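Coordinate inspection notes
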Amino acid sequence: MNMHSNTPATMTINNFRLPIHTGAIKPGWLHEAQKKGFTLVARVVDRMHLAVQCHLCGHLSVTRLFTLMSAQPLCPQCIEQAWRTDAAQAGLEFIGRDPDHRHYGIYKMSCGHEVRRQFALIKRVALAATGLRCETCHAKTEAREAHARGWELLGPDPQGDLNYRKYRHTDCGHVQRIARANMQSGRFGCGGCGVDWPAAPSFLYAMHFTLENGREIVKAGFSRDPQSRLHHQLKRDPSMPCTLLHMVAVPTGQDAIRLEKRLHADLKHAHPASVIDPAVYSKQIRVASEIYDGALTPIVLARLEEIEAEIARIPA
Ligand SMILES: [Zn+2]
Ligand SMILES: [Zn+2]
Ligand SMILES: [Zn+2]
């Protein structure tokens, strides 16, 4: 306190220099402050405000006279300490208040990401009454889940259902909404390419087509129902000559996806000249890629037989 007679007396609270108000302090105010856990130190700023010192932590703060007399003044340092304690109990680090909203704090989560949450919510987390999740990490988890099934997570459900998300099928580019639980379990189909539940049994197949111009081509792929895929999805012209040459049963669609990817990678690597430009067949067959020249048919069939033998060796 600076009480020289020729300069106005001031006191510094929270790095602010405040003028001391020279009016009398009433005994009732001293008593009320004491009762509420504070020592009334001085009147500051104007006749409405008081400087009080917290009995618990010794922190000096300013309170309104009206608040002191009619309610319980709060010590900002004790409140912040309580936020820190709640944060620690909730497994978080308290970074600071949200400058834009007095009910919110900024916290660092154990993953290292910062989140903004209401103080009251963190208190509930500290009491284990609710959980807290990091949106950043959670979004990565969901993106990984989708990726593992050959889909890309695009964002929230366009229809606003919290259980659904918007995904794109990496293979065919089709975009659709799928329940997250179904993405996790694999119990869904693609409305674009007709690939059914990746967790359900599936088949690798080879199909032979003769295009309008007489060119013979062979397609390898996988489906839960190759016959239906051939007749209802692939052929644009029902009269196009085509044959399902061979099918290999695969325990799950996931295995089928994996085996099919490997098959195409091997074929493209060993026979790059046999890969046919989609422009050649896209008007007649509904598929974006992975069709080979008909001359490659014996090789495709031999590879399917190798895969069949490989699957037979896997213990059930
Ligand atoms: Zn305090
Ligand atoms: Zn995180
Ligand atoms: Zn698809």
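This is a predicted model, so every value here is computed, not measured.

Cut-offs used in this document
Residues numbered from 1 in each chain as written. Chains lettered and ligands numbered in written order. Predicted model: local features only at pLDDT ≥ 70, side-chain atom pairs only at ≥ 80, totals over all residues. Heavy atoms only, no water. Helix = DSSP H or I, 4+ residues; strand = E, 2+ residues; numbered from the N terminus. Rg over C-alpha atoms; globule rule 2.2 N^0.38 Å. Buried < 20%, exposed > 50% of the residue type's maximum accessible area, 1.4 Å probe, protein only. Contact = heavy atoms within 4.5 Å. Areas by Shrake-Rupley, 256 points an atom, 1.4 Å probe, with all protein chains shown as cover. Lys, Arg positive; Asp, Glu negative; His and termini not counted. Charge placed at Lys NZ, Arg CZ, Asp CG, Glu CD. Donors = N, O, S within 2.8 Å, 3.2 Å for Na, K, Ca; no water. Tetrahedral: all angles 85-135°; square planar, octahedral: opposite > 155°, others 65-115°. Phe/Tyr/Trp six-rings, centres within 6.5 Å; stacked < 30°, edge-to-face > 60°. Lys NZ or Arg CZ within 6 Å of the ring centre and 35° of its normal. Expected span 1.5 Å × (residues − 1). Domains from an automatic or database assignment. Core = buried A, V, L, I, M, F, W, Y, C linked by side-chain atoms within 4.5 Å.

Moving on, we come to the overall build of the chain. Along the chain, the regular secondary structure elements total 10 helices and 15 strands. Relative to its length of 316 residues, the chain is extended, with a C-alpha radius of gyration of 36 Å against a globular reference of 20 Å. C-alpha extents for the chain along the principal axes are approximately 110 × 40 × 35 Å. Looking at the 316 residues of the chain, the share that counts as buried comes to 38%. When contacts within the chain are restricted to residue pairs at least 6 apart in sequence, those whose partners lie at least 24 apart make up 44%. When the accessible area of the chain is evaluated, it comes to approximately 17900 Å², of which 54% is carbon and sulfur surface. Taking the average place of the 39 positive charges on the side chains of the chain and the average place of its 30 negative ones, the gap between the two points comes to 12 Å.

This part is about the coordination of the zinc ion (ligand 1). Protein-derived ligands of the zinc ion (ligand 1) are Cys54 (SG), Cys57 (SG), Cys75 (SG) and Cys78 (SG), with the metal-ligand distances lying across 2.2 to 2.4 Å. Considering all 4 donor atoms around the zinc ion (ligand 1), angles at the metal cover 102 to 118° and the coordination shape is tetrahedral. When the donors of the zinc ion (ligand 1) are listed by position in the chain, the intervening gaps give C-x2-C-x17-C-x2-C. Of this pair, Cys57 sits in the loop between β4 (49-54) and β5 (60-64) while Cys78 sits in helix α3 (residues 76-89), and the two are 21 residues apart along the sequence. Look at Cys57 and you get partly exposed, because its relative accessible area is 30%. Cys78 gets classed as partly exposed once you look at its relative accessible area, which sits at 24%.

On to the packing of aromatic side chains, then. Within this structure, the stated rule accounts for 5 aromatic pairs. Ring geometry for Trp151 against Phe188: centres 5.4 Å apart, planes inclined by 75°, an arrangement best described as edge-to-face. Residue Trp151 is located in strand β9 (residues 151-156), and its partner Phe188 is located in the loop between α6 (180-185) and β12 (202-210); the two are separated by 37 residues in the primary sequence. Three or more aromatic residues joined by ring pairs make a cluster, and in this case those are Trp83, Phe94, Tyr107 and Phe119. The positively charged end of Arg177 is found above the aromatic ring belonging to Tyr164, 4.3 Å away from the centroid.

Our focus in this paragraph is unusual backbone geometry. Even without a glycine there, the phi angle at Val45 is positive, about 65°. Relative to the helices and strands, Val45 is located in the loop between β3 (38-44) and β4. Positioned with a positive phi, Ala128 is a non-glycine residue whose angle comes to about 60°. Take Ala128: it is sitting in the loop between α4 (119-126) and α5 (135-148).

We now examine helix α8 (residues 253-270). A rise of 1.5 Å per residue sets the reference length of α8, with its 18 residues, at 26 Å; its end C-alpha atoms lie 25 Å apart and thus fit the reference within 8%. The set of residues buried in α8 consists of Gly253, Ala256, Ile257, Leu259, Glu260, Leu263, His264 and Leu267. Looking at the buried side of α8, the elements it contacts are β12, β13 (216-223), β14 (242-250), β15 (291-293) and α10 (297-313).

The next point concerns the environment of Ala279. With respect to the helices and strands, Ala279 occurs in helix α9 (residues 278-281). According to the relative accessible area criterion, Ala279 is exposed, its value standing at 58%. Along the primary structure Ala279 and Ser289 are separated by 10 residues, whereas in three dimensions their C-alpha atoms are 9.6 Å apart.

When cut into domains, the chain gives domain 1 (10-74), domain 2 (77-132), domain 3 (136-185) and domain 4 (202-313). The gap between the C-alpha centroids of domain 1 and domain 2 is 28 Å.

Moving on: the nonpolar core. Nonpolar side chains in soluble globular proteins tend to end up buried together. Leu204 and Val300 are the most contacted members of the largest nonpolar core, which totals 18 residues. At the level of secondary structure, the elements contributing two or more residues to this core comprise β12, β13, β14, α8 and α10. Among the elements that make up this core, the one with the highest residue count is α8 (5 residues). Those residues in contact with Val300 that sit more than four places away from it in its chain are Ala206, Val218, Ala220 and Leu267. Grouped together as the second largest cluster of nonpolar side chains are 14 residues, Leu211, Met240, Tyr281 and Ile285 included.

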